[in-house]
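# Coordinate inspection notes
Residue strings, one per chain:
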There are 2 protein chains.
Amino acid sequence: MELEDALQELDEALRRNEVITVFCSCTISYSGRAESELGEGERVIVIKQDNTVLVHQPTDSTPVNYMKDGSSIELSHDDDRLVLESRNLADKDYLQVEISDVVSLSAAKLQDGRSLQLVGTEEDMSDMIRDNPDEIGSWFTPVSREEHTAYGFMDVFGYDDEGRFVIVECKRYTAGVSAVQQLRRYVEKVQALKGVGDAKTRGVIAAPDVASNAKDMLQDWSYEHARVKPPNRQERFREKQQSLSDF
Amino acid sequence: MELEDALQELDEALRRNEVITVFCSCTISYSGRAESELGEGERVIVIKQDNTVLVHQPTDSTPVNYMKDGSSIELSHDDDRLVLESRNLADKDYLQVEISDVVSLSAAKLQDGRSLQLVGTEEDMSDMIRDNPDEIGSWFTPVSREEHTAYGFMDVFGYDDEGRFVIVECKRYTAGVSAVQQLRRYVEKVQALKGVGDAKTRGVIAAPDVASNAKDMLQDWSYEHARVKPPNRQERFREKQQSLSDF
DNA sequence: ATATAGATCTCGTCA
DNA sequence: TGACGAGGTCTATAT
């Protein structure tokens, strides 16, 4: 494909605010929050309708370079290269793509008002625990969930059969040291604000497993591990569908 | 574009292991580590040479659905829909794309052996501190950097003018409570292993700024904040270029 | 605007 | 393989 033609098609597609994909050979420079260089190679460039720019190599799931939405995009023609420059003032980011050869170019205005419906997140896990406190223990009575309080951001908060505060931190996968540290922060905050010397505040990690080092920390701080698996997603999904069909 | 033709082109491109982009109208179901549904809409689907699948809506920088490399991909034809199914055994992930209309399809085998050269990361910041310990204070003598030791992963480790251990945690941006907590973990570990009752181990956050709550935590545990900006990237980049041109 | 935490995080690295 | 931490993280949410 001739660079001249590519330039014109790109320019028109940008003007029409279309989604664009370009198969091309290029080099890339990035400067802003960090600096990067990428030598000559064949990539796919995706430009979206909000001026998001993604540069993808032929493998790997993450873009090798990118610009976030709201960036400016300028085209120019430098000798035998097509140059695409993008600037983002908020991040002080600058991306330059020097295209030496365009294999193919596609562009179209796309309509998509739908947004993703996702279930099986940590939030769903704390929902499940609130609805089934026995997942923690028969002694546990939940009070609130996912609350941003002065004490911190606790997944589930409640009390035990002796009236002690209980803080539950949920993790969908094996909990590591940072999860225990996170729990510790909340427990200490509650402990401090609710008056020291009172009954101990209990800390619980609700997760399918706890890493070895993290287990040691749990013991050191006398926190507990409730072996809880994330909600059975297929079931939860059916629930969601049922409740939607009620309307 | 006829679905029959699209099916054949897709099939051949997959067989040839090409990078593919498809502008299309589709619905998407995902099931695995979580569950998601996405109703009918126009998107760009990118299939890479390692069978990575990305589904991009017309805006936003992150894919609305995706499958990681090494997934299987199967095509089929269900009434008036083209169905793409991808499975990843490792993650037990399953993605189904039902395509009702193909706007355009591009495919090409791409060659790209280059990898990104990135500078200006936290690693560079700890490099800078090791080379310029005055950034922390004239009292600081660094010993090691980015070391995975029995004491933990410490960004910079050293001692002060009175022989006390010093642990430095670097953050490129405003350090929050979790950064202080991270520092605390390392300090306590060193304190415990090196024998309690000895001189206090000093903890230092090296960052351009510290969030308000995190400042309180610093005070509580008598840790310090060294106001350090990440290395000037443009300068650092020039250095790198100069050193490369020496060869 | 700042702060906090999750993510189908991804990716590298080291034990 | 598991664990741990960084990321040009990105994204959503709350203050």
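Residues numbered from 1 in each chain as written. Chains lettered and ligands numbered in written order. Predicted model: local features only at pLDDT ≥ 70, side-chain atom pairs only at ≥ 80, totals over all residues. Heavy atoms only, no water.

## Regarding the interface of chain A and chain B
In many analyses, interface size is given as the accessible surface area lost on bringing the parts together. Facing the 61 residues of chain A at the interface are 61 residues of chain B. Together chain A and chain B conceal approximately 5,200 Å² of surface at their shared face, both sides included; 56% is due to carbon and sulfur atoms. Area buried by chain A at its contact with chain B is led by Phe23, Glu35 and Pro58 of chain A, which between them contribute 13% of it. Between chain A and chain B we count four salt bridges in total. Two residues, Glu188 of chain A and Arg184 of chain B, come together in a salt bridge whose shortest N-O distance is 3.1 Å. (Contact = heavy atoms within 4.5 Å. Buried area = accessible area lost by both parts, 1.4 Å probe. Salt bridge = Lys/Arg side-chain N within 4 Å of Asp/Glu carboxyl O.)

## Details of the protein's contact with DNA strand D
What surrounds DNA strand D is a group of 27 residues, the closest being Tyr66 and Asp93 of chain A together with Glu122, Arg172 and Arg185 of chain B. If you look at DNA strand D and keep only atoms within 4 Å of the protein, 81% of those are sugar or phosphate atoms. One nitrogen or oxygen atom from the main chain of Glu122 of chain B is found 2.9 Å from a phosphate oxygen belonging to DNA strand D. Contact distances for DNA strand D include 3.3 Å between a phosphate oxygen and a side-chain N or O atom of Glu169 of chain B. Broken down by secondary-structure element, the contributors of at least two residues to the surface near DNA strand D are strand E4 (65-67) of chain A together with helix H3 (177-193) of chain B. A class-by-class count of the residues in the surface near DNA strand D yields 10 nonpolar, nine polar and eight charged. (Near = heavy atom within 4 Å. Polar contact = N/O pair within 3.5 Å; in protein donor to acceptor, adjacent residues only side chain to side chain. Helix = DSSP H or I, 4+ residues; strand = E, 2+ residues; numbered from the N terminus. Nonpolar A, V, L, I, M, F, W, Y, C, P; charged D, E, K, R; others polar.)

## Quick look at the protein's contact with DNA strand C
In the region of DNA strand C, 29 residues are neighbours, and Arg172, Arg185 and Tyr186 of chain A together with Arg33 and Asn213 of chain B sit closest. Within the contact set of DNA strand C, a phosphate oxygen lies 3.2 Å away from a side-chain nitrogen or oxygen of Thr62 of chain A. The contact in question runs from a base oxygen of DNA strand C to an N or O atom on the backbone of Tyr66 of chain B, over 2.9 Å. When residues of the surface near DNA strand C are traced back to their parent elements, those giving at least two are helix H3 (177-193) of chain A together with strand E4 (65-67) of chain B. Top contributing element to the surface near DNA strand C by residue count: H3 of chain A, with three residues.

## Description of the domain arrangement of chain A
On domain assignment, one finds that chain A holds domain 1 (3-108) and domain 2 (122-227). A C-alpha centroid distance of 46 Å is found between domain 1 of chain A and domain 2 of chain A. (Domains from an automatic or database assignment.)

## What about the side chain of Asp112 of chain A?
Mapped onto the secondary structure, Asp112 of chain A falls in the loop between strand E7 (93-108) and strand E8 (117-119). Polar side-chain contacts of Asp112 of chain A include one of 2.7 Å to the side chain of Arg43 of chain B. Beyond its immediate stretch of four places on either side in the chain, Asp112 of chain A contacts Glu40, Gly41, Glu42, Arg43, Gln57 and Pro58 of chain B.

## Re the sheet that holds strand E9 (residues 141-149) of chain A
All names here are of chain A. On the basis of which strands lie adjacent, the open sheet formed by five strands has the order E9-E10-E11-E12-E13 and mixed pairing. Edge positions in the sheet fall to E9 and strand E13 (224-227), since each of these pairs with one other strand and no more. Geometrically, the sheet is characterised by an average inter-axis angle of 30 degrees between neighbouring strands, direction not taken into account. Pairing of strand E11 (residues 165-170) with strand E12 (residues 202-207) involves five bridges; the strand directions are parallel. (Pairing = 2+ DSSP bridges. Axes fitted to C-alpha atoms, helices over the stretch in contact; angles between N-to-C directions.)

## Overview of the pattern of salt bridges
Oppositely charged side chains are able to pair whenever their charged atoms sit close together. All names here are of chain B. Tallying each qualifying case throughout the model produces 46 salt bridges over all chains. Ionic pairing is found between Arg15 and Asp11, a salt bridge with its closest N-O pair at 2.3 Å. Of this pair, Arg15 and Asp11 both sit in helix H1 (residues 3-15), four residues apart, which is roughly one turn of the helix.

## A word on the confidence of the model for chain A
Averaged over chain A, the pLDDT score is 91; the fraction of residues at 70 or greater is 91%. For the stretch residues 236-247 of chain A, pLDDT sits under 50, and the model shows six contacts to residues farther than four places along the chain or on other chains. (pLDDT = per-residue confidence, 0-100.)

## Some points on the sheet that holds strand E9 (residues 141-149) of chain B
What holds strands together in a sheet is hydrogen bonding between their backbones, with the strands either parallel or antiparallel. Residue and element names in this part refer to chain B. Strand order in the open sheet made by the five strands is E9-E10-E11-E12-E13, with mixed pairing throughout. Whereas interior strands pair on both sides, the edge strands pair on one side only; in this sheet they are E9 and strand E13 (224-227). For this sheet, the mean inter-axis angle between neighbouring strands, taken without regard to orientation, is 30 degrees. Relative to strand E10 (residues 152-159), E9 runs antiparallel, the two being bridged by seven bridges. Bridge assignment links Glu147 to a residue of E10, and that residue is Met154.

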